Amino acid sequence: MTLSLLAANCFKAASRRSAFGRIGTVGLRTLTTSVTDQATGPEEPKFLQAVELYFDRASKHSTASPDTLRHIKSTDTVLSVTFPMEKNGKTVMIRGYRSQHSRHRLPCKGGIRYSSEVDLQEVEALSALMTYKCAVVDVPFGGGKGGIMINPKDWTDAELERITRRFTLELCQKNFIGPGVDVPAPDVGTGPREMGWIADTYRNFYPQDVNGAACVTGKALSLGGVRGRTEATGLGVYYGIREFLGYPEVQKQMKHHGKIQDTTVIVQGFGNVGYWASKFFESNGAKIIGIVEHDVAAYNPSGINVEQLSLWRKEHGTFRGFPDAQIISEPMTVLEAECDVLIPAALERQIGLRNAHRIRAKLIGEAANGPVTPGADEVLRTNGKVIIPDLLLNAGGVCVSYFEWAKNLSHLRFGRMNKRWDERSKEQLLALVEGNAGRELSEVERRQLIHGAEEHELVYSGLEDTMIVACNETRQTALEKNIDYRTAAMANSINKIAASLAGSGSIFTHA
């Protein structure tokens, strides 16, 4: 389809606003990206309500008792703090939250985001999603989430450091952080820099904790991070979609050949997750025909060079002017364009009742948290679309966070103890093979065959195995119960959490 026709289909009713244009209020959160304004109506449930609706739908297919379901659904603990911060000679009150949805397994795990739209409802919803996400992929954590209600673009680096350290101090004082208690990670508006500040503040508050580096994940390598963490969520998205494309029933529903090669992909959101997902699909033969941001979109039916577009945006701060793609000022037109795979990797509520019927992708892979509203989910499935849910598909980040946490507790880099041993063993085996075959391998062939796994290769291997197993479990439940993949993944999660609660028993609950 031509871009002029795409533009003609654009929904133009909503006004355009910046990604973080309004400050949300507790209990009444409304995202304000232009796509969200065009996608969702006021009658659609907010994010927390949506997570609860998905839970209720899946609970009918679980084996948990009604009492256990109420226990699993409820949030355990929420911390709300306010503290003063000086800016331009004036005192500004900063509000932050940390939610521990479930402590059936410890520590709790979940990111900390910086956004002017952070509120308690969002934090509780995301912490609940983290609980279910960890259970789906068999990561032994409870769900947590945190956020500070600021727009990081409004603050200097020095001010952001003070805010981060002060919030960490509040978490330390209230026992809401620690390697065995609650372990934050990066999220929207945060990254390795902020995680380093958190780790250093914790170390100064608990200098005697030899495992203190495990109080937070997503750190820089120099501070105990793990190789592969930066690209983990995007890589997990690639692995998950690759697995589903290989299932015969999905190929039949999509009328697709099932291979990554020549699969057409549109990605919404070009942050960390969207960038890396695009890179992995592109490097394995897919065509990235569209990349959507909050203000504009890049479109090229012949394929976009992801790295060139990324470099252009870094240099110019925008997609505008990029020579090798058409730049569309109405991003909704590209979100709704025809493709094999659509990957919403931005924020929640990007596909709602207002635009679900116009989505022409055959498969929607939820790389973001909650990008499809419950009503839109039903419309898409009725229209024959395959939806891979967020609690399964974007679990790569928490999987590799688990690896980093384990590395910090062991105080040992993955591969350090066995890499050279593996290479020597392979050399001996190779010498026997060469002797029997009467042919020596070239130096390049020899290096490739005897190469011992580096840390990032072990991380990739662990993540790939995790996603393969979780995708197959979801598929089996969906086939056995004749339900959609979101409901199947959530039902599996509920059953695993219920089994954990039943196995550990309940103290002070029963008479």
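Look above for the structure.
Residues numbered from 1 in each chain as written. Predicted model: local features only at pLDDT ≥ 70, side-chain atom pairs only at ≥ 80, totals over all residues. Heavy atoms only, no water.

Pairs of packed helices are described in terms of their axes, by the angle between the two and the distance that separates them. Where helix 8 (residues 232-245) contacts helix 10 (residues 272-283), the two axes come as close as 7 Å, and the packing angle between them is 45°. The orientation of helix 8 with respect to helix 10, classified from their angle, is oblique. In this structure, the crossing between helix 8 and helix 10 has a hand that is right-handed. Here Thr 233, Gly 234, Leu 235, Val 237, Tyr 238 and Ile 241 of helix 8 lie close against helix 10, whose contacting residues are Val 273, Trp 276, Ala 277, Phe 280 and Phe 281. (Axes fitted to C-alpha atoms, helices over the stretch in contact; angles between N-to-C directions. Helix = DSSP H or I, 4+ residues; strand = E, 2+ residues; numbered from the N terminus. Parallel < 35°, antiparallel > 145°, perpendicular 65-115°, else oblique. Left-handed = near helix turned anticlockwise from the far one by under 90°. Contact = heavy atoms within 4.5 Å.)

With that settled, the discussion passes to the pairing of strand 10 (residues 341-344). Every second residue of strand 10 is oriented toward a common face, with Val 341 and Ile 343 on one face and Leu 342 and Pro 344 on the other, all of them buried. The pairing of strand 6 (residues 264-268) with strand 10 spans four bridges and is classified as parallel. Paired with Val 265 across the two strands is Val 341, which belongs to strand 10. (Buried < 20%, exposed > 50% of the residue type's maximum accessible area, 1.4 Å probe, protein only. Pairing = 2+ DSSP bridges.)

Turning our attention to the sheet that holds strand 11 (residues 363-365). Here seven strands make up an open sheet; going across it, the order is 9-8-7-6-10-11-12 and the pairing mixed. The open sheet terminates on both sides in strands that have one partner only, identified here as strand 9 (326-328) and strand 12 (386-388). Between one strand axis and the next, the sheet turns through 20° on average, direction left out of account. Pairing between strand 11 and strand 12: three bridges, direction parallel. Looking at the pairing, Leu 363 lines up with Val 386 of strand 12. Its contacts with the sheet place helix 10 against strand 6, strand 7 (287-292) and strand 10, and it is angled at close to 165° to strand 7.

This part covers the pattern of salt bridges. Considering all chains together, one arrives at 37 salt bridges under this definition. Between Asp 187 and Arg 113 there is a salt bridge; the shortest N-O distance is 2.9 Å. Of this pair, Asp 187 sits in the loop between strand 5 (182-186) and helix 7 (192-205) while Arg 113 sits in strand 3 (residues 108-114), placing them 74 residues apart in sequence. Per residue, the accessibility class of Asp 187 equals that of Arg 113, and both read buried. For the salt bridge of Asp 157 with Arg 193, the shortest nitrogen-to-oxygen distance reads 3.0 Å. Of the two residues, Asp 157 is situated in helix 6 (residues 157-173) and Arg 193 in helix 7; the sequence distance between them amounts to 36 residues. By relative accessible area, which is 35% here, Arg 193 ends up partly exposed. The structure contains a network of salt bridges with shared partners spanning Arg 57, Glu 366, Asp 377, Arg 381, Asp 390, Asp 484 and Arg 486. (Salt bridge = Lys/Arg side-chain N within 4 Å of Asp/Glu carboxyl O.)

The subject of this paragraph is the sheet that holds strand 5. The strand order 1-2-4-3-5 describes an open sheet built from five strands, whose pairing is mixed. Edge strands, defined here as strands with exactly one partner in the open sheet, are strand 1 (77-87) and strand 5. Each strand axis lies, on average, 20° off the axis of its neighbour in the sheet, ignoring direction. With five bridges connecting them, strand 3 and strand 5 associate as parallel partners.

What follows concerns the packing of aromatic side chains. As enumerated under the stated definition, the model contains 17 aromatic pairs in all. Summarising the aromatic geometry, the rings of Phe 141 and Trp 405 are spaced 5.1 Å apart at their centres and angled 85° between planes, so their arrangement reads as edge-to-face. Taken together, the residues Phe 141 in the loop between helix 5 (120-136) and strand 4 (142-148) and Trp 405 in helix 15 (residues 396-410) connect sequence positions 264 residues apart. Here Phe 141 falls in the buried class, since its relative accessible area comes to 1%. (Phe/Tyr/Trp six-rings, centres within 6.5 Å; stacked < 30°, edge-to-face > 60°.)

The next point concerns helix 8. If you check helix 8, its first and last C-alpha atoms are 20 Å apart, about what 14 residues at 1.5 Å a residue would give, namely 20 Å. Burial analysis of helix 8 places 13 of its 14 residues in the buried class, the great majority of the element. (Expected span 1.5 Å × (residues − 1).)

Attention now moves to the nonpolar core. Counting residues in hydrophobic clusters, the biggest one holds 87 residues, and the most contacted among them are Tyr 132, Ile 241, Phe 281, Ile 343 and Leu 363. The residues touching Leu 363, leaving out its near neighbours within four places in the chain, are Ile 241, Leu 245, Val 250, Met 254, Asp 340, Val 341, Leu 342, Val 386 and Ile 388. Ranked by size, the runner-up nonpolar core spans 24 residues in total, among them Tyr 114, Ile 177, Met 195 and Cys 215. (Core = buried A, V, L, I, M, F, W, Y, C linked by side-chain atoms within 4.5 Å.)

This brings us to the environment of Leu 221. By the element assignment, Leu 221 lies in the loop between helix 7 and helix 8. We classify Leu 221 as partly exposed; its relative accessible area is 46%. Each C-alpha atom of the pair Leu 221 and Ala 502 lies 39 Å from the other, and the pair is 281 residues apart in sequence. Every residue in contact with Leu 221, bar those within four places of it in the chain, is listed here: Val 226 and Arg 227.

None of the figures reported here should be taken as evidence of function without further support.
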